[in-house]
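# Working through the structure, step by step
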Amino acid sequence: MATTTDDATATPPPAQTQIDPYALRAEDARPAPVTFRGRVRELGPGLVLSAAVVGSGELITTTSLGAKAGFALLWLVIVSTAVKVWVQMELARWTILNGRPALDGFRDVGPRIGRLSWINWLWIGMDFAKMFQRGGIIGGTAAACSILLPIHGAALSTSSLTIWALIVTGAAILILQTGKYHVVERVEVIGITLKTVITVGLALALPFTAFGYGTEQFADGLSFQIPAGTIGIALAMFGITGVGADEMTTYTYWCMEKGYARWTGPDDGTEERARRAEGWLKVMRLDVGVSWIICTVCTLSFYVIGASVLHPQGLVPEGNGMITTLSHIYTDTLGPWAEYLFLAGAIAVLFSVTVASSASVPRLWTNTLGLLGVINWKDMRVRTRTIRILTCCLPPVWMCIFLWVQSPVLMVQIGGIGGGIFLLAVVVAVWRLRYTGVPPRFRANPWLTAALVLSSAAILFLGVYGVLDTLELTPGS
């Protein structure tokens, strides 16, 4: 019986590509797989999310933090990746049970300002800050390409960076022209596999080089201290590493496009539907768990690499020279030839994030335009057309911001701080939606509830602490 169920869920109906992923219809409902192997076959949204998460925050911000603070903030890396997944899981559960993406749910959390909730408006403000981060990612990719293949004979020259930024942006847009979820999933699964193998492999190889580490460094890193002068980058890292507020929000859209909500079906009050929901929620939790493991392992690897290789040499990635500084991670451990290996890896890491952002952000803005009444979100043709238009328009805006600022590290930190502030609002929204849109049957697990409480408390504490500490430092800075 288990084999039949798994085979049924593993092979979608031929007409699935024509079905609206955001509409719940009784005829689209199907039971979830009941075996572990069957559930693994239905993973996907978490892998797409991992590819987006393991990129700018880890390669740029986390490595920079390790270079600046050494092993002292290793504990914050672990906390940052561990505490957020429970909020992500709760938000995704609400989406699957209600068949509505996160921004639509945020509008239910009052007070409202016009047609939107204050959280929707905060998301809009946060996304403008995130444009700096996405521009920094495009800039980092362009810088790596410029060093690997200089244009006009000068690496990191304005003309070389501009041309490569145009190429990177154009390539991301071309890949996403179909606008289909399965295209994004395939590209990002390849990207996250390459990132994990390269990053973890280098971190594990460090003890066999001149930049080895031992238990003493790890003991210092778990002392729960924040060294002077690192609060700004630490706050940015907490906002950007692991699953950030924007990734939590985006994850609900990928869950719907994968089919978790559609396969659960509309809530008709029957026991059959409730059992389907429980089954697909188990698939979602496994999806989140696999994503969390990948993000944690890669984030720790990037931090350890920065603390082991860059910190002892006093090298901190800054400006457009960020890529050159980060290349020391490879050249100082493996030799000059490894610079090419690093540049290829950096391009793969950062470009996959650009693709993920170019796929997800247009969906969120399209939903926002629907909530504002500018378009009809429920009309599949209108929604698809708007997503494609924004996919062509938004990445060039991020590219222009990079060409204006030209400081990838600073740009990523600005986006990280914006994401950290929005994360506080998402916690508020999750608790509100939990008691207005999740039936008691689906929130009866005391362990999941306890984890959500601890997660929310940690996010609120670290978020408020970071903001207050930053305000205290401002007058004297």
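In what follows, the structure referred to is the one given above.
Rules and cut-offs
- Residues numbered from 1 in each chain as written.
- Predicted model: local features only at pLDDT ≥ 70, side-chain atom pairs only at ≥ 80, totals over all residues.
- Heavy atoms only, no water.
- Helix = DSSP H or I, 4+ residues; strand = E, 2+ residues; numbered from the N terminus.
- Buried < 20%, exposed > 50% of the residue type's maximum accessible area, 1.4 Å probe, protein only.
- Contact = heavy atoms within 4.5 Å.
- Areas by Shrake-Rupley, 256 points an atom, 1.4 Å probe, with all protein chains shown as cover.
- 1 Å grid on protein atoms, 1.4 Å probe; cavity = no way out; pocket = protein on both sides within 12 Å on 5 of 7 lines; lining within 4 Å.
- Points joined across faces, edges and corners; volume = space filled by probe spheres on them.
- Nonpolar A, V, L, I, M, F, W, Y, C, P; charged D, E, K, R; others polar.
- Axes fitted to C-alpha atoms, helices over the stretch in contact; angles between N-to-C directions.
- Parallel < 35°, antiparallel > 145°, perpendicular 65-115°, else oblique.
- Left-handed = near helix turned anticlockwise from the far one by under 90°.
- Polar contact = N/O pair within 3.5 Å; in protein donor to acceptor, adjacent residues only side chain to side chain.

The next subject is the overall build of the protein. Broken down by element type, the protein carries 21 helices and 2 strands. Looking at the protein as a whole, 57% of its 477 residues qualify as buried. Pairs at least 24 apart in sequence give 82% of the contacts found in the protein among residues at least 6 apart. Accessible surface computed for the protein: about 18,800 Å², of which carbon and sulfur atoms make up 67%.

As a further point, take the layout of surface pockets. Considering only enclosed or pocket space, the second largest pocket measures out at about 260 Å³ in volume. As for the second largest pocket, its lining consists of 15 residues, of which Tyr22, Gly99, Asp104, Trp377 and Lys378 are closest to the centre. For the lining of the second largest pocket, a count of residues per class yields 7 nonpolar, 3 polar and 5 charged.

On to the packing of helix H10 (residues 181-205) against helix H13 (residues 245-258). With their axes 10 Å apart at the nearest point, H10 and H13 run at an angle of 115° to one another. Judged by the angle between their axes, H10 and H13 are roughly perpendicular. At the point where H10 passes H13, the crossing takes the left-handed sense. On H13, the residues that touch Tyr181, Val184 and Glu185 of H10 are Trp254, Glu257 and Lys258.

All right, on to the environment of Trp280 then. With respect to the helices and strands, the residue Trp280 is situated in helix H15 (residues 271-310). A distance of 2.9 Å separates a polar side-chain atom of Trp280 from the backbone oxygen of Arg30.

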